[in-house]
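Structural description and commentary
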Amino acid sequence: MIDLDFFKTTRILDGGMGQELLASGMKPNGTLWSANAVLKEEYHQLLLDTHSNFIKAGAEVIVTATFTMRRKRLRDNSVEDKFEYLNQKAGEIAFETKKDYPNVKIAGGLPPQNLTYEADERNENEIEDNLNEQAKLLDPFIDFYYFDVLSSVKEFKCGIKAIKEFNKPYLIGIHISEGTKLPSGEKISEIKKILDKNALGVMLSCVSPETYEQNFDEMKSLGVPFGFKFNAFQTTKPKGGYTSNYGKSKGNPNEFLGQRTDLNPIKIAEYAKKFKEGGATILGGCCETRPSHIREIAKLK
């Protein structure tokens, strides 16, 4: 378990697991992304080492590699029958880091259950059921849940209901592709109406530093610990949509989302310092941020 005040002081999160695994030698496999590191036993050590590398760089929290372990993504890749195994094994591998780093916190990553960077338009019961079955498999291995890059208040509401039975706190990870509204068209401040006593804080997740800056004042106004997981993609709103582009790619999202060369570790840390001085306490990275980025951010502690 984790203290509900954990993020009231500065905390360092890990970086982008999927992209780091690909950069470290994992071969793409359809649109499975980080799930391939669990599906293929040959990559289990690489996954463990990648978690450990982020911790050694200064991360106090790591997120389970479960972003693509939603049923829809597994079904798209003809491995839905591995749903239970993959989520459980991802939890086990993350938990294994505690042998060497007993103080690290494990966040159970609960991703969008339909499409990435797009609001889930399905009915609430279906979304809640999807999140609940993934949460149940992760529960034995984690300190809290992390709603990872969701795109509507409805999805967060479903998530909070889905994890209620496990009596664990949660961290909100809102996605904004550009501007000041979620893909659902809602404002960040609308999240306040669903937060309860188990909320650890609210982040903008998988966003550019520039997008975070546009939304900084509203994040600060929420009255809860807040922060970010920055990406170093050129966009998260590609022409034609994320899903259709991924299907045409060779398996690495940076083929169609692009890689920013300007956001090196020093530059990312400069942004992080600015937002920390403004009150942000949850500092981390997302896609295309590596242990070297986290190492620089961790110097701000």
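Here, the structure is the one placed above.
The notes below deal with the structure included here. Since the structure is predicted, the reported quantities are computational estimates derived from the model, not experimental observations.

1. Notes on the nonpolar core
Most often, soluble globular proteins have nonpolar side chains that are buried together. Within the largest apolar cluster, 58 residues are counted, with the highest numbers of intra-cluster contacts made by Phe147, Tyr170, Ile172, Ile174, Ile191 and Tyr212. Here this core takes 5 residues from helix 7 (residues 153–162), the largest share from any one element. When residues no more than four places from it in sequence are discounted, the contact partners of Ile174 are Leu150, Phe156, Leu182, Ile188, Ile191, Val202, Met203, Leu204 and Ser205. In this structure, Leu22, Trp33, Cys206 and Phe256 belong to the second largest nonpolar core, which totals 32 residues.

2. Here we look at the packing of aromatic side chains
Applying the stated criterion across every chain yields a total of 21 aromatic pairs. For the pair Phe216 and Phe226, a centre-to-centre distance of 5.6 Å together with 65° between the ring planes defines the contact as edge-to-face. Separated by 10 residues along the polypeptide, Phe216 in helix 8 (residues 209–220) and Phe226 in strand 7 (residues 226–230) bring together distant segments of the chain. This pair shows no difference in class: Phe216 is buried, exactly as Phe226 is. Among the aromatic side chains, those forming a connected cluster through ring pairs are Tyr212, Phe216, Phe226, Phe228, Phe230, Tyr271 and Phe275. One cation-aromatic arrangement involves Arg70 over Phe67; the distance from NZ or CZ to the ring centre is 4.8 Å. For the cation-ring pair, Arg71 lies above Phe83, with the distance from its terminal atom to the ring centre recorded as 4.2 Å.

3. Quick look at the sheet that holds strand 5 (residues 170–174)
Taken in spatial order, the 8 strands line up as 1-8-7-6-5-4-3-2 in an open sheet, and their pairing is parallel. Each having just a single partner strand, strand 1 (11–12) and strand 2 (61–63) make up the two edges of the open sheet. Here strand 3 (residues 105–110) pairs with strand 4 (residues 144–150) via 4 bridges, running parallel. Opposite Leu110, over in strand 4, you have Phe147 as the bridge partner. This element, helix 7, spans strand 4 and strand 5 of the sheet and lies at about 160° to strand 4.

4. Some thoughts on the pattern of salt bridges
The full count for this structure, using the stated rule, is 27 salt bridges. Of the charged contacts in the structure, one is a salt bridge between Lys8 and Asp5, with a shortest N-O distance of 3.0 Å. For Lys8, a relative accessible area of 54% corresponds to the exposed category. The partly exposed category is assigned to Asp5, whose relative accessible area is 42%.

5. Details of the side chain of Asn254
The topology assignment puts Asn254 in helix 10 (residues 254–257). With sequence-adjacent residues up to four places away left out, Asn254 is seen in contact with Gln19, Phe233, Gln259 and Glu288.

6. Things to note about the packing of helix 3 (residues 44–57) against helix 5 (residues 83–96)
Two numbers describe how helix 3 lies on helix 5: the axes approach to 9 Å, and their chain directions differ by 50°. Regarding the angle of helix 3 to helix 5, the classification is oblique. The interaxial crossing formed by helix 3 with helix 5 has right-handed handedness. Between helix 3 and helix 5, the residues in contact are His44, Leu47, Leu48 and His51 and Tyr85, Lys89, Ile93, Ala94 and Glu96, respectively. Residues belonging to the contact of helix 3 with helix 5 are distributed by class as follows: 5 nonpolar, 2 polar and 2 charged.

How each quantity is defined
Residues numbered from 1 in each chain as written. Predicted model: local features only at pLDDT ≥ 70, side-chain atom pairs only at ≥ 80, totals over all residues. Heavy atoms only, no water. Core = buried A, V, L, I, M, F, W, Y, C linked by side-chain atoms within 4.5 Å. Buried < 20%, exposed > 50% of the residue type's maximum accessible area, 1.4 Å probe, protein only. Helix = DSSP H or I, 4+ residues; strand = E, 2+ residues; numbered from the N terminus. Contact = heavy atoms within 4.5 Å. Phe/Tyr/Trp six-rings, centres within 6.5 Å; stacked < 30°, edge-to-face > 60°. Lys NZ or Arg CZ within 6 Å of the ring centre and 35° of its normal. Pairing = 2+ DSSP bridges. Axes fitted to C-alpha atoms, helices over the stretch in contact; angles between N-to-C directions. Salt bridge = Lys/Arg side-chain N within 4 Å of Asp/Glu carboxyl O. Parallel < 35°, antiparallel > 145°, perpendicular 65-115°, else oblique. Left-handed = near helix turned anticlockwise from the far one by under 90°. Nonpolar A, V, L, I, M, F, W, Y, C, P; charged D, E, K, R; others polar.

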